Number of protein chains: 2
Amino acid sequence: MKWRHPGQVVVAGFALATVVGTVLLMLPVSTETGEATGLLTALFTAVSAVCVTGLIVVDTPTYWSGFGEAVILGLIQVGGLGVMTLASVLAMLVAHRMGMRMQLFAQAETKSLGLGNVRSVVFGVIRLSLIVEAAVAVLLALRFGFGYDESFWRAVYLGVFHAVSAYNNAGFALFSDNLIGFATDPFVLFPIIVAVIIGGLGFPVIAEVLRRRERRGRRWSLHTRVTVLTYGALLAVGTVAVLLTEWRNPNTLGSLDLHHKLLVGLSHGVMPRTAGFNSLDLAHFEPTTLLVNDVLMFIGGGSAGTAGGIKVTTFALLGFVILAEIRGEPTVHVLGRRLPAEVQRQALTVALLGVGVVMIGTVALLAMTSFRLDEVLFESVSAFGTVGLSTGITAKIPAAGQLVLVALMFIGRLGPITMASALALRERPRRYELPEERPVVG
Amino acid sequence: MKWRHPGQVVVAGFALATVVGTVLLMLPVSTETGEATGLLTALFTAVSAVCVTGLIVVDTPTYWSGFGEAVILGLIQVGGLGVMTLASVLAMLVAHRMGMRMQLFAQAETKSLGLGNVRSVVFGVIRLSLIVEAAVAVLLALRFGFGYDESFWRAVYLGVFHAVSAYNNAGFALFSDNLIGFATDPFVLFPIIVAVIIGGLGFPVIAEVLRRRERRGRRWSLHTRVTVLTYGALLAVGTVAVLLTEWRNPNTLGSLDLHHKLLVGLSHGVMPRTAGFNSLDLAHFEPTTLLVNDVLMFIGGGSAGTAGGIKVTTFALLGFVILAEIRGEPTVHVLGRRLPAEVQRQALTVALLGVGVVMIGTVALLAMTSFRLDEVLFESVSAFGTVGLSTGITAKIPAAGQLVLVALMFIGRLGPITMASALALRERPRRYELPEERPVVG
Ligand SMILES: [K+]
Ligand SMILES: [K+]
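What you are looking at is a predicted structure, and each value in this text was computed from that prediction instead of being measured.

**Quick word on the overall build of chain A**
Piece 1. Along chain A, the regular secondary structure elements total 15 helices and two strands.
Piece 2. Put simply, chain A has 442 residues, and 61% of those count as buried.
Piece 3. The contacts in chain A between residues at least 6 apart in sequence include a share of 70% that link residues at least 24 apart.

**Here's the deal with the coordination of the potassium ion (ligand 1)**
Residues and elements named next belong to chain A.
Piece 1. Taken together, the protein ligands of the potassium ion (ligand 1) are V52 (O), T53 (O), N169 (O), T274 (O), A275 (O), T386 (O) and V387 (O), with distances of 2.5 to 2.9 Å.
Piece 2. Along the chain, the residues donating to the potassium ion (ligand 1) fall in the pattern V-T-x115-N-x104-T-A-x110-T-V. Across the pair, V387 and T386 agree in class, each one buried.

**Examining the environment of B:W247**
All names here are of chain B.
Piece 1. Along the chain, W247 falls in the loop between helix 9 (222–246) and helix 10 (258–270).
Piece 2. With relative accessibility at 31%, the residue W247 sits in the partly exposed group.
Piece 3. Sequence separation between W247 and L262 is 15 residues; the distance between their C-alpha atoms is 9.8 Å.
Piece 4. Non-local contacts of W247, meaning those with residues more than four positions away in its chain, are made with V242, L253, G254, L258 and K261.

**A look at the packing of helix 9 of chain B against helix 10 of chain B**
Residues and elements named next belong to chain B.
Piece 1. Relative to each other, helix 9 and helix 10 sit at 130°, their axes nearing to 7 Å. Classified by the interaxial angle, the pair formed by helix 9 and helix 10 is oblique. As helix 9 runs across helix 10, the sense of the crossing is right-handed. Touching L235, G238, T239, V242 and L243 of helix 9 are K261, L262, G265, L266, H268, G269 and V270, all from helix 10.
Piece 2. Class assignment for the residues of the contact of helix 9 with helix 10 results in six nonpolar, five polar and one charged.

**Here's the deal with a nonpolar patch on the surface**
Residue and element names in this part refer to chain A.
Piece 1. Together, L27, V29 and F67 make up an exposed nonpolar region whose accessible area comes to about 240 Å².
Piece 2. Following the sequence through the fold, F67 ends up in helix 4 (residues 66–97).
Piece 3. Exposure remark for F67: the relative accessible area of 36% places this residue in the partly exposed category.

**Observations regarding the coordination of the potassium ion (ligand 2)**
Residue and element names in this part refer to chain B.
Piece 1. Protein ligation of the potassium ion (ligand 2) involves V52 (O), T53 (O), N169 (O), T274 (O), A275 (O), T386 (O) and V387 (O), the donor distances falling in the range 2.5 to 2.9 Å.
Piece 2. Of note, the potassium ion (ligand 2) draws all its donor residues from one chain, in the sequence arrangement V-T-x115-N-x104-T-A-x110-T-V. A residue pair is termed long-range when its members are at least 10 positions apart, and T53 in the loop between helix 2 (39–50) and helix 3 (60–63) and N169 in the loop between helix 6 (152–167) and helix 7 (186–201) qualify at 116 residues. Grouping residues by exposure puts T53 and N169 together as buried.

**Focus: unusual backbone geometry**
Piece 1. For the bond from A:R273 to A:T274, the omega torsion is -15°, close enough to zero to count as cis.
Piece 2. Positive phi, close to 55°, is recorded for B:D149, a residue that is not glycine.
Piece 3. Among the structural elements, B:D149 can be located in the loop between helix 5 (115–147) and helix 6.
Piece 4. Positive phi values are uncommon outside glycine, yet B:A304 reaches one of about 55°.
Piece 5. Within the fold, B:A304 resides in the loop between helix 11 (287–299) and helix 12 (312–327).

**Side note on the environment of B:I393**
All names here are of chain B.
Piece 1. The topology assignment puts I393 in the loop between helix 14 (373–384) and helix 15 (399–425).
Piece 2. Along the sequence, I393 and E379 sit 14 residues apart, while their C-alpha atoms lie 7.9 Å from each other.
Piece 3. The residues contacting I393, other than those within four sequence positions of it, are F371, E375, V376 and E379.

**Re the packing of aromatic side chains**
Piece 1. Under the definition given, this model contains 16 aromatic pairs over all chains.
Piece 2. With a centroid separation of 5.6 Å and an interplanar angle of 20°, the aromatic rings of A:F298 and A:F384 are classed as stacked. Remark: A:F384 occurs in helix 14 (residues 373–384) and A:F298 occurs in helix 11 (residues 287–299); sequence separation between them is 86 residues.
Piece 3. Ring centres of B:Y148 and B:F182 lie 5.1 Å apart, and the angle between their planes is 80°; this geometry places the pair in the edge-to-face category. Of this pair, B:Y148 sits in the loop between helix 5 and helix 6 while B:F182 sits in the loop between helix 6 and helix 7, and the two are 34 residues apart along the sequence.
Piece 4. Classification of B:Y148 as partly exposed rests on a relative accessible area of 32%.
Piece 5. By relative accessible area, B:F182 is classed as buried at 6%.
Piece 6. Three or more aromatic residues joined by ring pairs form one cluster here, namely A:F144, A:Y148, A:F175 and A:F182.

**A short note on the side chain of A:D185**
Residues and elements named next belong to chain A.
Piece 1. Structurally, D185 can be placed in the loop between helix 6 (152–167) and helix 7 (186–201).
Piece 2. A relative accessible area of 4% means that D185 is categorised as buried.
Piece 3. Among the polar contacts listed, one links the side chain of D185 to the side chain of R143, at a separation of 2.8 Å.
Piece 4. If sequence neighbours within four positions are ignored, D185 has contacts with R143, Y148 and L263.

**Topic: the pattern of salt bridges**
Side-chain pairing between opposite charges can occur once the charged atoms of the two side chains come close.
Piece 1. Under the criterion given, the structure shown has ten salt bridges over all chains.
Piece 2. Between A:E325 and B:R345 there is a salt bridge, and its shortest N-O distance comes to 2.9 Å. Here B:R345 lies in helix 13 (residues 341–368) and A:E325 lies in helix 12 (residues 312–327), a pairing that spans two chains. The exposure classification of A:E325 matches that of B:R345, with both residues buried.
Piece 3. Among the salt bridges present, the one from B:E150 reaches B:R154, with a minimum N-O distance of 3.9 Å.

**A short note on the packing of helix 11 of chain A against helix 14 of chain A**
Residue and element names in this part refer to chain A.
Piece 1. One can describe the packing of helix 11 onto helix 14 by two numbers: an axis separation of 9 Å at closest approach and a directional angle of 25°. Considering the angle they form, helix 11 stands roughly parallel to helix 14. The element helix 11 and its partner helix 14 pack so that their crossing is left-handed. From helix 11, P287, L290, L291, N293, D294, M297 and F298 reach across to helix 14, where they touch D374, L377, F378, V381, S382 and F384.
Piece 2. Class assignment for the residues of the contact of helix 11 with helix 14 results in nine nonpolar, two polar and two charged.

**Here's the deal with helix 7 of chain B**
For the α-helix, the turn length of 3.6 residues means that residues three or four positions removed from each other point alike.
All names here are of chain B.
Piece 1. With 16 residues, helix 7 extends 22 Å between its outermost C-alpha atoms, agreeing within 8% with the 22 Å of an ideal straight helix rising 1.5 Å per residue.
Piece 2. Looking at helix 7, one finds that the buried residues are V188, L189, P191, I192, I193, A195, V196, G199, G200 and L201.
Piece 3. The opening residue of helix 7 is D185, an N-cap whose side-chain oxygen sits 2.9 Å from the backbone nitrogen of F187.
Piece 4. Residue G202 follows helix 7 closely and has a positive phi angle near 100°.

**Structural notes on the nonpolar core**
Piece 1. Core analysis: the largest hydrophobic core is formed by 251 residues, its most contacted members being A:I192, A:F277, B:I192 and B:F277.
Piece 2. Ignoring any residue separated from it by four or fewer positions in sequence, one finds A:I192 in contact with A:L140, A:A166, A:L179, A:M271 and A:F277.

**Concerning the environment of B:T85**
Residues and elements named next belong to chain B.
Piece 1. Inspection of the secondary structure puts T85 in helix 4 (residues 66–97).
Piece 2. With a relative accessible area of 12%, T85 lands in the buried category.
Piece 3. Separated by 117 residues in sequence, T85 and G202 have C-alpha atoms that sit 9.9 Å apart.

**What about the confidence of the model for chain A?**
Piece 1. Mean pLDDT over chain A works out to 87, with 87% of the residues at or above the 70 mark.
Piece 2. At the low end of the mean pLDDT range in chain A sits helix 8 (residues 203–214) of chain A, at 81; at the high end sits helix 2 (residues 39–50) of chain A, at 96.

Basis of the calculations
Residues numbered from 1 in each chain as written. Chains lettered and ligands numbered in written order. Predicted model: local features only at pLDDT ≥ 70, side-chain atom pairs only at ≥ 80, totals over all residues. Heavy atoms only, no water. Helix = DSSP H or I, 4+ residues; strand = E, 2+ residues; numbered from the N terminus. Buried < 20%, exposed > 50% of the residue type's maximum accessible area, 1.4 Å probe, protein only. Contact = heavy atoms within 4.5 Å. Donors = N, O, S within 2.8 Å, 3.2 Å for Na, K, Ca; no water. Axes fitted to C-alpha atoms, helices over the stretch in contact; angles between N-to-C directions. Parallel < 35°, antiparallel > 145°, perpendicular 65-115°, else oblique. Left-handed = near helix turned anticlockwise from the far one by under 90°. Nonpolar A, V, L, I, M, F, W, Y, C, P; charged D, E, K, R; others polar. Patch = residues over 30% accessible without salt bridge, like charges linked within 9 Å, V, L, I, M, F, W, Y side chains within 5 Å. Areas by Shrake-Rupley, 256 points an atom, 1.4 Å probe, with all protein chains shown as cover. Salt bridge = Lys/Arg side-chain N within 4 Å of Asp/Glu carboxyl O. Phe/Tyr/Trp six-rings, centres within 6.5 Å; stacked < 30°, edge-to-face > 60°. Polar contact = N/O pair within 3.5 Å; in protein donor to acceptor, adjacent residues only side chain to side chain. Expected span 1.5 Å × (residues − 1). Core = buried A, V, L, I, M, F, W, Y, C linked by side-chain atoms within 4.5 Å. pLDDT = per-residue confidence, 0-100.

Below is the structure:
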């Protein structure tokens, strides 16, 4: 079987889902009031859902009808599953092409890659997603039913919606204040945090962790070790940063008691990894917290999962490149493995193009609005990283600016995945060799 | 002759100059009022001068006496000449070690590198500096004498101070509003712009351009071509950006007529390359202009010159790496030359460590002050890039924050130079080879 342009398949699929979602959301039946929705609002919401971002220009529970909410839920599921599946398949194709051991199947040593392997990845992704979503939905439904006296079907509906939204790192919620109302409820926050992390680590990591439980003794692959370590470290950094900077802020953590401070701090350490739920009002965050979150959101979560950003491996590998350079070592070593030069260049490209896109988006939004840099930068990074956190300016941005956000969400969701894979799969023959020359750097 | 730790020589020299400058500036004789200056103000001013930055916490002409101004001028000259000389020598050592053709001397094909070569570079730098500074000083003195009715000695003094400050990309001025009073005077702005560019392109480029005039026919080295093209392109971008965003701003360009708009626009296109003079009040700049300037100031000017930033070659080479990656080419070609993998890694390291340092500085300043992100980010980048432009908050930043700026200036001035050179000179033997493994990126 041939994948001539894997990137094009991904982009076409997302464009199709966006068109269908936009049309459905424009229908009168999608709104609470029964009035038809304008193109821009429907498009923005569809892209935000299918790119599992969570930025909103209208209040989800009060604006959209049950049908509209179901459309959003469907887009989230399609978008999340789509990226997870396609990125896993692409990673497998790259691994196969490179003759590399990739822990997506039990028969890791397979020589030929057939349709059966692709099918097993697709089924693996779907099975994992449904199991985690179902388990989390049950926990949440129980809590909503018994803790908040919701009716049976309402509790089930809330459970399913937030479980899917969490596992897909989408950040859409059916409460006008997102999860601020549950800031002190671990029975709501913990299941959501767990779903966010499992979805956000990425399928290759989860698949390998599950498989390793069966066959002990062998080490995790480099990808899994780097992802887990970096994801965990960034989670800790995010939690500590929020706790440090917001501890005394009366509008955020200040009014909570100690163990609720820690609970909310943990949830806001997880969310920039790019789930995007919020249990505090970000409009009241200190500028320092916002800037630290900008960095964390830009880095994002694991590859071939539902998280966005440039991905934790990209960030970590660049760190190892710098470390090798400072030590004056000719090759880059990462946790006992050698990092090929092409992978270094790919990481560099994904990261720097990401910086470029965010900068261009921020300059454009700054020029179009009168919001402050910290608000606009946060919005740009949140869109690019498909995070969905906002200081509350999304709906107030003019049409042209919202289209900039749409572009950022699309590029942020599909750019790193398609580019890194396309780059890894393509390989031009070296036809001639030019003489070497070294400009002065720094 | 041996340079065991070239980076240490540079850092020690700058530390010594800073200590001497600080002590001198603390003396009562250094101030207009005859009162002794506190340690922090003297240290900040000395570091700003020796790092040719130009950020100030007290008004240069009204606070410092003639003696104090002379100390500042001396520190600028020592700092500028020091970096230009040492960086040129280091570049030459690297070139020699790599067996590379480096156009610093007439006898480019020399096989052994002796003290004579170093001496010729040192003398070349000093000669070039004094000639350019003298020529610009004469032009400025004539203008101040005849255009502004300054007395003979006052005109000479003003001419020399601003010529030295301009050639060294220092940005210190003897007018409380910097060059805003000369915004419409090309006879002041043009000589300053020319001095800024010659100093900012760097000695290797100027030396090669001058030498090529004697021996026609051979192409410029890759370093010179990349530097000149990128420096010119960034100058154009900076000019167009200021003109576009400030054209109608009544507090900046809005009130000027067409050709003065262009003149001031050009000067503000040059200054972020990191001279730091200003002929407009940056407190009134649009946020968009500030952000574009942040990017330009971070990139900075040419290597082994008086400009700061990560340097234009670093920026351009990373662009070529990304271009090669997008095209799927196994090797990186730059203007008909092949770029060694180590140089790619050096550029990556210098740029990403720069981003890291600026981010840490910005987070620290944000946490310490109540200024907006756009003001604080501008201040951080200006300090790191040794630019000296400011929205006017420098003096209002608390002591701890000013020490952060001192650290940023020092790291920004010495970091890229010493690191890139040290990295290029060091070379660890490859003792063993680990198995290769490819994590998923993006
Ligand atoms: K999200
Ligand atoms: K400067």
